[in-house]
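Structural overview
These are the residues of each chain, in order.
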Amino acid sequence: MTKNRQTVLSGLQVTLRDRLAAFQGTADMEASGPVLAGRIGEISQALSRIHEGDYGCCVDCGRDIPLARLEAMPQAVRCISCQERHEQAGLPSRRAPPWQGASGPVTAGQRPHRGRA
């Protein structure tokens with residue numbers, strides 16, 4: 001990982017923590033309901049990926065998500081081309097990484113490979 005990318009990713013961690021604190025401090029949580037809960041979940045997952053070392057890696061192809069995308073949407077789990085394919089397939093635009101399936105977490109050895117192109 002280049003120093004510039006590492007610096008940007010570190011800054012995004014602060015951004016994610018700030019957003020999480022802001023959303024959790026929302027007074028009208030009940031009115032926002034599922035939308036707010038979804039945002040909190042996305043941000044929490046992004047912070048978990050940072051902790052696990054998977055942040056910034058597309059969950060579908062394993063390549064680095066471009067910094068511009070992460071700066072615009074720090075909770076992104078896919079690169080733009082994989083996200084477009086995902087949406088064209090009629091799947092929800094956001095989901096947990098494939099190793100966090102309905103049957104529970106899968107071992108780290110079953111995660112997609114972080115390939116470089």
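Check the entry above for the structure.
Here the structure is a predicted model, which means the values were calculated and not measured.

For the rest of this paragraph, the subject is the overall build of the chain. From N to C terminus, the chain includes four helices and two strands. Scanning the chain from its N terminus toward the C terminus, one meets helices and strands in the order α-α-α-α-β-β. Relative to its full complement of 117 residues, the chain shows a buried share of 33%. Put simply, of all contacts in the chain between residues at least 6 apart along the chain, 53% involve residues at least 24 apart. When the accessible surface of the chain is split by element, carbon and sulfur atoms take 54% of a total near 7,100 Å².

A few words now on the pattern of salt bridges. Following the criterion strictly, the structure yields two salt bridges and no others. A salt bridge links Arg 5 to Asp 64, with the shortest nitrogen-to-oxygen separation between them at 3.7 Å. Placement of Arg 5 in helix α1 (residues 3-24) and of Asp 64 in the loop between α2 (29-52) and α3 (67-72) is noted, with a sequence separation of 59 residues between them. By relative accessible area, which is 28% here, Asp 64 ends up partly exposed. With its nearest N and O atoms 2.8 Å apart, the salt bridge here joins Asp 60 to Arg 78.

Rules of the game
- Residues numbered from 1 in each chain as written.
- Predicted model: local features only at pLDDT ≥ 70, side-chain atom pairs only at ≥ 80, totals over all residues.
- Heavy atoms only, no water.
- Helix = DSSP H or I, 4+ residues; strand = E, 2+ residues; numbered from the N terminus.
- Buried < 20%, exposed > 50% of the residue type's maximum accessible area, 1.4 Å probe, protein only.
- Contact = heavy atoms within 4.5 Å.
- Areas by Shrake-Rupley, 256 points an atom, 1.4 Å probe, with all protein chains shown as cover.
- Salt bridge = Lys/Arg side-chain N within 4 Å of Asp/Glu carboxyl O.

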